[in-house]
Structure formats: structure tokens, C-alpha cells
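The residues making up each chain are set out below.
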Amino acid sequence: PLHARDLTRLPKTLVITAGHDLLRDEGREYARRLEIAGNQVVIREYESTIHGFCSFGGAIGAGREALKYVAEWLRE
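Residues numbered from 1 in each chain as written. Predicted model: local features only at pLDDT ≥ 70, side-chain atom pairs only at ≥ 80, totals over all residues. Heavy atoms only, no water.

Draft legend 1. Seen up close, the nonpolar core. Judged by nonpolar contacts, Leu 7, Val 15, Tyr 30, Ala 31, Leu 34 and Val 41 together constitute the single largest core of six residues. Examining the composition of this core, we find that three residues originate from one element, helix α1 (residues 24-36), more than from any other. When residues no more than four places from it in sequence are discounted, the contact partners of Val 41 are Thr 13, Val 15, Ala 31, Leu 34 and Glu 35. Core analysis: the next-biggest nonpolar cluster, separate from the first, contains five residues, Ala 18, Phe 53, Ala 62 and Ala 66 among them. (Core = buried A, V, L, I, M, F, W, Y, C linked by side-chain atoms within 4.5 Å. Buried < 20%, exposed > 50% of the residue type's maximum accessible area, 1.4 Å probe, protein only. Helix = DSSP H or I, 4+ residues; strand = E, 2+ residues; numbered from the N terminus. Contact = heavy atoms within 4.5 Å.)

Below is the structure:
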């Protein structure tokens, strides 16, 4: 999605990034481009985590926290 030409008229978007992830900057850039295109964006970064940390929610506290945040965000 980062390389899409047209990012207008998209639904409210949640972008979650991990501080120790090689793809973190791409996530930030995607959120920035969504905002520039006029979309409502929430970006949340978990600075001390790695790529895929949500998959390890049973072992990584930040993963549990992120999954809880996503569930609450979706309920809004």
C-alpha cells in the first residue's frame, strides 16, 4: 500500500509499528501519506519491540497491550 498512487477516500486507519523492526520507517511513511491524502490515521509505535510482536502476545507484554488496543480501537 505504501506505493499506491491514490490513497484518498480510505477508511479510518490504525498503523502499528515496532521500534526494532526493519519495516518501521515504511509504516511511518505510509501513515504520513495517508494523512496527507486527507485520511484519518492513528499511528502507535511500540518502541521496545520487534517485528511480529503481536503474534507473541502470550509471551511479550507489549504484544498483549497492542492486541488490547487494536480490539478497543475496532470497537469505536
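Draft legend 2. Structural view of the pattern of salt bridges. Within the structure shown, the criterion is met by six salt bridges. Across the pair Arg 24 and Asp 25 runs a salt bridge whose closest N-O atoms are separated by 3.2 Å. With relative accessibility at 43%, the residue Asp 25 sits in the partly exposed group. Among the salt bridges present, the one from Asp 25 reaches Arg 28, with a minimum N-O distance of 3.6 Å. With a gap of three residues between them, Asp 25 and Arg 28 both fall in helix α1, about one helical turn apart. (Salt bridge = Lys/Arg side-chain N within 4 Å of Asp/Glu carboxyl O.)

Draft legend 3. Seen up close, the environment of Gln 40. Within the secondary structure, Gln 40 sits in the loop between α1 and β2 (41-50). With 30 residues separating them along the chain, Gln 40 and Leu 10 place their C-alpha atoms 8.4 Å apart. For Gln 40, the residues in contact, after removing those within four places along its chain, are Pro 11, Lys 12 and Thr 13.

Draft legend 4. Geometry of α1. In this model α1 runs 19 Å from its N-terminal to its C-terminal C-alpha over 13 residues, within 8% of the 18 Å that 1.5 Å per residue would give. Where α1 is concerned, the buried positions are Gly 27, Tyr 30, Ala 31 and Leu 34. The buried residues of α1 occupy one face: seen down the axis, they fall within an arc of 95 degrees. Those residues of α1 hidden inside the fold are in contact with β1 (13-20) and β2. Backbone geometry just after α1 places Gly 38 at a positive phi near 95 degrees. (Expected span 1.5 Å × (residues − 1). Arc of directions from axis to C-beta.)

Draft legend 5. Expanded view of the environment of Thr 13. Under the relative-accessibility criterion, Thr 13 is labelled buried at 14%. Between the C-alpha atom of Thr 13 and that of Arg 44, which follows or precedes it by 31 residues, the distance is 11 Å. The contacts of Thr 13, once residues within four sequence positions are left out, are Leu 34, Gln 40, Val 41, Val 42 and Trp 73. Here the side chain of Thr 13 touches Pro 11 through a polar contact of 2.8 Å, landing on its backbone oxygen. (Polar contact = N/O pair within 3.5 Å; in protein donor to acceptor, adjacent residues only side chain to side chain.)

Take it as geometry only, folks, not as evidence of what the structure does.
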